[in-house]
Amino acid sequence: MNKETTQLVETLLASPQKAVIIGHKNPDGDAIGSCLGLSFFLKKIGHSAAVVMPNDFPDFLKWLPGVEEVVIYEKETEKSTQLIEEASLIFTLDFNSLERVGELQQILESADAKFIMIDHHQQPADYAVATFSDVTMSSTSEMVYHFMDALGHSEILSEAIAINLYTGIMTDTGSFRFSSTSPTTHRVAAKLIEAGADSALINQNVYDTNSPDRMKLLGLALSNLHILPEYRTAYITMSQKELDAHNFKKGDTEGFVNYALSLQGVVFAVIFIENKQESIVKISFRSKGEFSVNAFARNHYSGGGHNNAAGGKSSQSLNKTISEFISILPRYKDELAHA
Ligand code: 5GP
Ligand code: MN
């Protein structure tokens, strides 16, 4: 965080504010963890704070401290709109462009509040008076810790803040595996553990709560795995029919794409998930090494993200989406061979 922006935020927080904190659509562990962590922090230093999410989030995050206070726009549209209209400060966390919040975009664009962005995605948009963007960061949750620290408040870390931030860091780093995990990430995690984040318990709550339906869906996903050795690529497909047959719930396919990436020699992994309700195929991209899935998702699937993890969508049928994907790969053959 640079000095000027930090000073600006200090000025903004010098008097009590009505803050609203917004995460991205289909919020993940980092979105929920960073927003709740920041919310507890802002309240602790004398502001009012509310967390608004565009839509619901998976059950494996519903044990987090403060989760009952999250307002979901899709369920509580009026309340969310009113909170945003009455806010004096709006924090946008874990996304880089207002297009990432779905229908909330219009409401945010007409809000009177000043915006503060905290985010680690590539190519941040320029809508905030204070932008904390650092694409080298493991997670937005790690950035919230640095934000508190820069404001001179890291000592007031409560257990609730620590648990939320630890969960965000843990989920966004694939349990401290991805290359974005730095020595500083581990130092921050250590501080969070000292402040009351119980690592074993958090791991259990997030990863050991599978339903039998979800395990069977994973089995199906693995049997739908296709490997394209000439492109060092593997992909998984999930049709709406297959999801329905396993009582699909939000979050059930989380992490499936990593199984494709775990194949020896594979550097590019993709999962295509049909969503008939929205008439799209939602796509998750993962890579190892140099191959930028952020660029790939931007170029072909109106998406984006990070170099090694990105998402996008297609409005074609599932079959058409897959055949188009395969037809694009030859253009990347060299890049994939040297990734
Ligand atoms: P996931 O595949 O887990 O949904 O997302 C991987 C990363 O890409 C996350 O950082 C997420 O925020 C980002 N991402 C996912 N979908 C989209 C999208 O449609 N557009 C953009 N710009 N980013 C996305
Ligand atoms: Mn994140």
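Just so it is clear, the structure is predicted and the values come from calculations on it, not from any experiment. (Residues numbered from 1 in each chain as written. Chains lettered and ligands numbered in written order. Predicted model: local features only at pLDDT ≥ 70, side-chain atom pairs only at ≥ 80, totals over all residues. Heavy atoms only, no water.)

## Points about the overall build of the chain
In plain terms, the rule: Strands here mean DSSP runs of E at least two residues long; helices mean DSSP runs of H or I at least four residues long; both are numbered from the N terminus. A radius of gyration in this sense is built from C-alpha atoms; the matching globule rule multiplies 2.2 Å by the number of residues raised to 0.38. Working definition: with a 1.4 Å probe on protein chains only, accessible area under 20% of the residue-type maximum means buried, over 50% means exposed, and in between means partly exposed. Here, residues are in contact when the closest pair of their heavy atoms is within 4.5 Å. For the area figures, the Shrake-Rupley method with a 1.4 Å probe applies, and any residue is considered shielded solely by the protein chains shown.
Of the regular secondary structure elements, the chain holds 14 helices and 12 strands. Compactness check: the chain gives a C-alpha radius of gyration of 20 Å against a globular reference of 20 Å for 339 residues, within 12% of the reference. Dimensions along the principal axes, computed over C-alpha positions, put the chain at roughly 60 × 40 × 40 Å. When each of the 339 residues of the chain is scored for burial, the buried share is 52%. Across the chain, the fraction of contacts at a sequence separation of at least 24, relative to all contacts at a separation of at least 6, is 66%. If you sum the accessible surface of the chain, you get close to 15500 Å²; carbon and sulfur atoms cover 48% of it.

## Things to note about the domain arrangement of the chain
Quick reminder of the rule: What fixes the domain bounds is an automatic or database domain assignment. As a working definition, buried area equals the accessible area (1.4 Å probe) given up by two parts on being put together, with both sides summed. Salt bridges are defined as contacts in which a side-chain nitrogen from Lys or Arg sits within 4 Å of a carboxyl oxygen from Asp or Glu. Whenever two N or O atoms come within 3.5 Å, that pair is a polar contact, provided that in protein one can donate a hydrogen and the other can accept it, and provided that, for residues adjacent in sequence, both atoms are side-chain atoms. By the convention adopted, Pro, Cys, Tyr, Trp, Phe, Met, Ile, Leu, Val and Ala count as nonpolar, Lys, Arg, Asp and Glu as charged, and the other residues, Gly among them, as polar.
Domains assigned within the chain are domain 1 (3-207) and domain 2 (212-337). Using only C-alpha atoms to locate each centre, domain 1 and domain 2 end up separated by 27 Å. Listed as interface residues are 15 residues of domain 1 and, on the opposing side, 11 residues of domain 2. Around 1100 Å² of area is buried between domain 1 and domain 2 when both sides are counted, 43% of it from carbon and sulfur atoms. Connecting domain 1 to domain 2 are two salt bridges. Linking lysine 249 and aspartate 59 is a salt bridge whose minimum nitrogen-to-oxygen distance equals 2.6 Å. Between the two partners, domain 1 and domain 2, sit seven residue pairs in polar contact (both at pLDDT 80 or more). Class assignment of the residues belonging to the side of domain 1 that touches domain 2 gives a composition of three nonpolar, eight polar and four charged.

## Topic: the site of ligand 1
For the record, the criterion: A single heavy atom is enough: if one lies within 4 Å of a molecule or strand, its residue is considered near that molecule or strand.
Around ligand 1 lies a shell of 13 residues, among which Arg100, His121, Lys282, Ser284 and Arg286 are the nearest. For ligand 1, an oxygen atom lies 2.6 Å from a polar atom in the side chain of histidine 121. In this structure, a nitrogen atom belonging to ligand 1 sits 3.0 Å away from a main-chain N or O atom of glycine 304. Within the complex, 83% of the 500 Å² of free accessible area of ligand 1 lies under protein. Those elements that place two or more of their residues in the shell around ligand 1 are strand 10 (280-287), strand 11 (304-305) and strand 12 (309-314). With four residues, strand 12 is the largest single contributor of residues to the shell around ligand 1.

## Side note on the sheet that holds strand 5 (residues 114-119)
What counts here: Two strands qualify as a pair provided DSSP detects at least 2 bridges between them. Only the stretch in contact is used when a helix axis is fitted, and all axes are lines through C-alpha atoms; the angle between N-to-C directions ranges over 0 to 180 degrees.
Ordered by their spatial adjacency, six strands build an open sheet running 3-2-1-4-5-6, and the pairing between neighbours is parallel. The open sheet has two edge strands, strand 3 (71-72) and strand 6 (130-133), and neither has a second partner. Where strand 1 (residues 18-22) meets strand 2 (residues 48-53), five bridges bridge the pair, whose relative direction is parallel. What sits directly across from lysine 18, in strand 2, is serine 48. Of the strands in this sheet, strand 4 (89-93), strand 5 and strand 6 touch helix 5 (residues 140-150), which is tilted by about 120° from strand 5.

## Side note on the pattern of salt bridges
Tallied over the entire structure, the rule returns nine salt bridges. Taking the shortest distance from any N to any O, the salt bridge between aspartate 59 and lysine 62 comes out at 3.8 Å. Where salt bridges share partners, they join Asp56, Asp59, Lys62, Lys75 and Lys249 into one cluster.

## Side note on the packing of aromatic side chains
Where we set the bar: Think of it this way: a Phe, Tyr or Trp ring, Trp meaning its six-membered ring, pairs with another when their centres are within 6.5 Å, and the plane angle makes it stacked under 30 degrees, edge-to-face over 60, tilted otherwise.
Applying the stated criterion to the full structure yields 18 aromatic pairs. Cluster of aromatic residues (ring-pair linked, three or more members): Tyr235, Phe268, Phe272, Phe285, Phe291, Phe296, Tyr301, Phe325 and Tyr332.

## Some details on the coordination of the manganese ion (ligand 2)
Note the following rule: Donor atoms are limited to N, O and S found within 2.8 Å of the metal ion, a distance that becomes 3.2 Å for Na, K and Ca. With water left out, some sites might look partial.
With distances of 2.2 to 2.4 Å, the protein atoms coordinating the manganese ion (ligand 2) are Asp30 (OD), Asp94 (OD), His120 (NE2) and Asp172 (OD). If you list the donors of the manganese ion (ligand 2) from N- to C-terminus, the spacing comes out as D-x63-D-x25-H-x51-D. With aspartate 30 in helix 2 (residues 29-44) and histidine 120 in the loop between strand 5 and strand 6, this pair connects stretches of sequence that are 90 residues apart. When sorted by exposure, aspartate 30 lands in the same class as histidine 120, which is buried.

## Structural notes on the packing of helix 5 against helix 6 (residues 159-172)
The description of two helices packed together rests on the angle between their axes and the distance between the axes. Stated formally: Orientation labels follow simple angle bins: below 35 degrees gives roughly parallel, above 145 gives roughly antiparallel, 65 to 115 gives roughly perpendicular, and whatever is left gives oblique.
Packing of helix 5 against helix 6 brings their axes to within 7 Å, and their N-to-C directions diverge by 135°. In terms of orientation, helix 5 and helix 6 fall into the oblique class. Two secondary-structure elements touch here, helix 5 through Ser141, Glu142, Val144, Tyr145 and Met148 and helix 6 through Ile161, Asn164, Leu165, Gly168 and Ile169. For the contact of helix 5 with helix 6, the per-class residue count stands at six nonpolar, three polar and one charged.

## Topic: the sheet that holds strand 7 (residues 225-228)
A sheet is described by the order of its strands in space; here six strands give the open sequence 7-8-9-10-12-11, paired in mixed fashion. Single-partner strands in this sheet number two, and they are strand 7 and strand 11. One ladder, built from four bridges, connects strand 7 with strand 8 (residues 233-238); its direction is antiparallel. Its bridge partner being in strand 8, leucine 225 is matched across the sheet by isoleucine 236. Relative to the sheet, helix 9 (residues 212-223) contacts strand 7 and strand 8, its axis offset from that of strand 8 by approximately 130°.

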